[in-house]
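# Observations on chain architecture
Listed below are the residues making up each chain.
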Amino acid sequence: MAERVLVKGTEAIGEAAVRAGCRLFFGYPITPQNELPEYMSKRMPEVNGSFLQTESEVATINMVYGAACTGRRVMTSTSSPGFSLMQEGVSYMAGAQLPAVLVNVVRGGPGLGDIQPAQSDYWQATKGGGHGDYKLIVLAPSTLQEAVDLVSLAFDLADKYRNPVLILADGVIGQIMEPVTFPEFKDPNTLPKHDDWALQGAIGREKHVVTSFDIDPVVLEKMNLELVEKFKKIESTEKRWEEYKLDDADVVITAFGTIGRISKSVVTRARQEGIKVGLFRPITLWPFPYKRLEEIVKGKKLVLDVELNMGQMLEDVKLAVKDNAPVAFYKRMGGMVPTPEEILDVLKMELGR
Amino acid sequence: MAKNYAFIGLFGSGKTEVAINWALKLKEEHEKVAIIDGDIISPYFRTRDVAEELEKMGLITIYPKGALRNADLPIITGGAIGYLSNEEYKTVLDIGGEENGVVVLGYLRPYLGDAEISMVVNIARPFSSTVDGIIKAYEELRRVVGIKVDYLINNANLSYETTSELVVKGEEMLARVSELIEVPVKFTVIPDFINEDGNEFRYPVFKIKRFMRMEIQ
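Please read all numbers here as calculations on a predicted model, not as lab measurements.

When helices and strands are counted, chain A shows twelve helices and 14 strands. Relative to the compact-globule value of 20 Å for 353 residues, chain A shows a C-alpha radius of gyration of 21 Å, a close match. Projected onto its principal axes, the C-alpha positions of chain A cover 75 × 50 × 40 Å. When each of the 353 residues of chain A is scored for burial, the buried share is 51%.

Here we come to the nonpolar core. All names here are of chain A. Membership of the largest hydrophobic core comes to 158 residues, with the highest contact counts inside it found for Val101, Leu139, Val151, Ala154 and Ile167. Ranked by residue count, the leading element in this core is helix H6 (residues 144–161), at ten residues. Built from parts of two domains, this core gets at least three residues from each of domain 1 (5–237) and domain 2 (242–350). Among residues more than four places away in sequence, those in contact with Leu139 are Leu150, Leu153, Ala154, Val165, Ile167, Leu168, Ile283 and Thr284.

With that settled, the discussion passes to the pairing of strand S13 (residues 302–307) of chain A. All names here are of chain A. S13 sits mainly inside the fold: five of its six residues count as buried. Sheet topology note: the strand S10 (residues 251–254)/S13 ladder contains four bridges and is parallel. Within S13, the position partnered with Val252 by the bridge is Val303. Of the strand pairs in this sheet, S13 and strand S14 (residues 327–331) are connected by five bridges, and their pairing is parallel. What sits directly across from Glu307, in S14, is Lys331. Handedness of the crossover joining S13 and S14 through helix H11 (residues 313–321): right-handed.

In this model helix H8 (residues 217–237) of chain A runs 30 Å from its N-terminal to its C-terminal C-alpha over 21 residues, within 8% of the 30 Å that 1.5 Å per residue would give. Burial of H8(A) is sparse: only zero of the 21 residues sit out of reach of the surface.

Listed as interface residues are 23 residues of chain A and, on the opposing side, 19 residues of chain B. Those elements that place two or more of their residues in the side of chain A that touches chain B are strand S1 (5–8), helix H7 (171–175), strand S8 (177–180) and helix H9 (257–272) of chain A. No other element matches H9(A), which puts five residues into the side of chain A that touches chain B. Broken down by class, the residue content of the side of chain A that touches chain B amounts to eleven nonpolar, six polar and six charged.

Residues and elements named next belong to chain B. Structurally, Glu171 is set in helix H6 (residues 164–181). Residue Glu171 is classed as partly exposed on the basis of its 19 C-beta neighbours within 10 Å. C-alpha of Glu171 to C-alpha of Ile123: the two residues are 48 residues apart in sequence and 9.5 Å apart in space. Residues in contact with Glu171, not counting those within four places in the same chain, are Asn154, Thr188, Phe201, Arg202 and Tyr203.

Residue and element names in this part refer to chain A. With their axes 8 Å apart at the nearest point, helix H10 (residues 290–297) and H11 run at an angle of 60° to one another. Where H10 crosses over H11, the two elements pack in a sense that is right-handed. Judged by residue contacts, Tyr290, Leu293, Glu294 and Val297 of H10 engage Val317, Leu319, Ala320 and Val321 from H11. Considering only residue class, the contact of H10 with H11 consists of seven nonpolar, no polar and one charged.

This next bit is on the domain arrangement of chain A. Residue and element names in this part refer to chain A. What the domain assignment lists for chain A is domain 1 (5–237) and domain 2 (242–350). Measuring from the centre of the C-alpha atoms in domain 1 to the corresponding centre in domain 2 gives 28 Å. Every contact between the two is made by 27 residues of domain 1 and, on the other side, 21 residues of domain 2. Elements with a contribution of two residues or more to the side of domain 1 that touches domain 2: helix H5 (122–126), strand S6 (137–139), strand S7 (164–170), H7 and H8. Looking at the side of domain 1 that touches domain 2, the element that brings in the most residues is H5, giving four residues. Taken together, the residues of the side of domain 1 that touches domain 2 sort by class into 16 nonpolar, seven polar and four charged.

Bringing the sheet that holds S7(A) into the picture now. Residue and element names in this part refer to chain A. The seven strands are arranged S3-S2-S4-S5-S7-S6-S12 in an open sheet whose pairing can be described as mixed. This sheet does not close on itself; its edge strands, each paired only once, are strand S3 (50–53) and strand S12 (284–286). Ignoring which end each strand starts from, the neighbouring axes of this sheet average 20° apart. Relative to S7, S6 is paired through three bridges, and the arrangement is parallel. Across the sheet, Leu139 pairs through a bridge with Ile167, a residue of S7. Against the sheet, H6 contacts strand S5 (100–106), S6 and S7, and its axis sits at roughly 160° relative to S7.

Bringing the packing of helix H3 (residues 57–68) of chain A against helix H4 (residues 80–95) of chain A into the picture now. Residue and element names in this part refer to chain A. Closest axis-to-axis distance for the H3/H4 pair is 8 Å, and the angle between their directions is 30°. Overall, the two elements H3 and H4 adopt an arrangement that is roughly parallel. Seen from above, H3 lies across H4 with right-handed handedness. Of the residues in H4, those touching H3 at Glu57, Val58, Thr60, Ile61, Asn62, Tyr65 and Ala68 are Gly82, Leu85, Met86, Gly89, Val90, Tyr92 and Met93.

Another point: the sheet that holds strand S1 (residues 4–9) of chain B. All names here are of chain B. In spatial order, the strands read S3-S2-S4-S1-S5-S6-S7-S8; together these eight strands make up an open sheet with parallel pairing. The sheet terminates laterally at strand S3 (60–62) and strand S8 (205–208), the two strands that pair on one side only. Across the sheet, the mean angle separating the axes of adjacent strands is 25° when strand polarity is ignored. Both strand S6 (residues 151–154) and strand S7 (residues 185–191) contribute to a ladder of three bridges, which runs parallel.

With that settled, consider the environment of B:Ser159. By the secondary structure assignment, B:Ser159 is in the loop between S6 and H6. Taking C-alpha positions, B:Ser159 is 9.5 Å from B:Gly14, a pair spaced 145 residues apart along the chain. Beyond its immediate chain neighbours, meaning those up to four positions away, B:Ser159 contacts A:Leu6, A:Met177, A:Glu178 and A:Pro179.

Residues and elements named next belong to chain B. Helix length check: H6 (18 residues) gives 25 Å between terminal C-alpha atoms against 26 Å at 1.5 Å per residue, within 8%. When H6 is considered as a whole, its buried residues turn out to be Val167, Gly170, Met173, Leu174 and Val177. Each buried residue of H6 sits inside an arc of 130° when the element is viewed along its axis, so together they form one side. Residues of H6 that are exposed and point over 90 degrees away from its buried face: Glu165, Glu172, Arg176 and Glu179. Looking at the buried residues of H6, the elements they touch are strand S5 (116–121), helix H5 (131–145), S6 and S7. With its phi angle positive at about 55°, Glu182 sits one or two positions after the end of H6.

Cut-off values and rules
Along each chain, residue indices are assigned from 1 in the same order as the chain's sequence is written. Chains and ligands are labelled by the order in which they are written, letters from A for the one and numbers from 1 for the other. This being a predicted model, a pLDDT of at least 70 is required before a residue's local features are given, and a value of 80 or more before pairs of side-chain atoms are given or counted; all residues contribute to the totals for chains, interfaces and linings. By definition, any uninterrupted DSSP run of H or I lasting at least four residues is a helix, any uninterrupted run of E lasting at least two residues is a strand, and each is numbered from the N terminus. For a compact globule the rule gives 2.2 Å times the number of residues to the power 0.38, and the radius of gyration it is set against comes from C-alpha atoms. In this scheme the burial state of a residue depends on its C-beta neighbours within 10 Å: 20 or more other such atoms mean buried, 12 or fewer mean exposed, and anything in between means partly exposed; the C-beta positions come from the backbone. In this usage, the nonpolar core is the set of buried Ala, Val, Leu, Ile, Met, Phe, Trp, Tyr and Cys residues whose C-beta atoms join them within 7 Å. Domain start and stop points were drawn from an automatic or database domain assignment. Two residues form a contact once the distance between their C-beta atoms, set from the backbone, is within 7 Å. Here, strands pair whenever DSSP counts at least two bridges between them. Clockwise travel from the first strand over the helix to the second, with the strands pointing away from the viewer, marks a crossover as right-handed. A helix is expected to reach a length of 1.5 Å times the quantity of its residues less one. Polar here means any residue outside two lists: the nonpolar Ala, Val, Leu, Ile, Met, Phe, Trp, Tyr, Cys and Pro, and the charged Asp, Glu, Lys and Arg; Gly therefore counts as polar. Note on geometry: axes are C-alpha line fits, over the in-contact stretch for helices, and angles between N-to-C directions span 0 to 180 degrees. For a crossing to be left-handed, the near helix must be turned anticlockwise from the far one by less than a right angle; the clockwise case is right-handed. Roughly parallel means an angle under 35 degrees; roughly antiparallel means over 145; roughly perpendicular covers 65 to 115; every other angle is labelled oblique. Directions from the helix axis toward the C-beta atoms define the arc.

Rendered as structure tokens:
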């Protein structure tokens, strides 16, 4: 077995990116993800890559846009208010079909919020944070090993679909320390070069144009429809989720990220008390695994959705569940994280026990 | 026996867990024990995050109280100096990671008295997994603080995956470091879920309970 090392979430994401062949990182500091750019500032020179601390998140995302035009693997990371600032650039990148991996280590909001963990950027991440018709592929890790694996996947998906991919982590995932095993290093020279569209010098060939725009509405509509087709394809092939002890369950907890991991403890404790609970944890928040969740909840006594926000994924859970089971919701906000006991009490109350 | 104790080290070496457990051990023999959250680097998983639990166990906890508790500001309260200087109190200092965190110790140096300074080392961390890496970190921390490090502490751990084999491997590596830099090893940390019986440890064992944690199973 490869070596296990103890790492912080931000370091885990950074090292996983380096190993996935990322050699370009642009970032601006914001808590609770500061160790990620700090790690990259040390690490990029070691692997002949480039790290640049920009003057703002607006500058960051436009540098990511420019770097992504070369077809090389590029990443940035930020936290909630910073990601809001990036939205214009994210929309442009999605429109221009540029691959990149973006990381949002979510903290409390709205506005300045606080530096504690939250999941209140779900809507922004999955329903379009910027303007126009587009989608990001959104991956939500609940452990550091999963974060490492998903960073690698994120770069592959970004390349495959020419679309920005967002790692939606919360502050706990950013700051916690856990053992992980890193994958082997990918040689950047063996990665997709994107010779068919990337801007790498037009000597001896027709010029490439990377743009989200066409002045002719007939052409622009075609570009829009091309995106729609791409998003349909992603929806049909890239849904990912985890099912935990659902086979004999009467009650289904739905949760993502950090609450997903806490909910596993709830499942264990509930079962010790004879309540058959299982967990459905979406890993891709977009595309959301509607169909599978609908199949699972048929005939269940209760679906309890738990989130660190006012009920954002709850809308997708309800779309999936329809009238197949009653849906209850429990939330903590402002940087508060519930204990397993607290969630179990809510669950028992909902069941009338 | 020293009046003040400070724990330094790289990010994630386990300083906070060791500092908390050391303060609780002091509390077994001393009426008045204070623990200072001197971590200006980490936004959470700090001593202050378990302050109420520690207060219940009889420790005095020193950190910016009230609204500034969770402010993203590098604050060391005046109380830190008070407890470090007060002869009635055994005082433990939990310092943030790396060279940026350890500047706090440099700032508090005039008030440390005969403080015992220990460097906590976890060989399962990427930048302290070799003898050279540990010595480089030691030289860097010492340079920033301008202070003598009295002891090394073996805290080889992979969180909930820690095994006695890893702990022993940490001892072997620290023994070599100790010989090269001529700083003795104070103790080996083992988590409460590892049974020390049947294991041959080179250094005295310091058993700890973990306070910083997040549910997984």
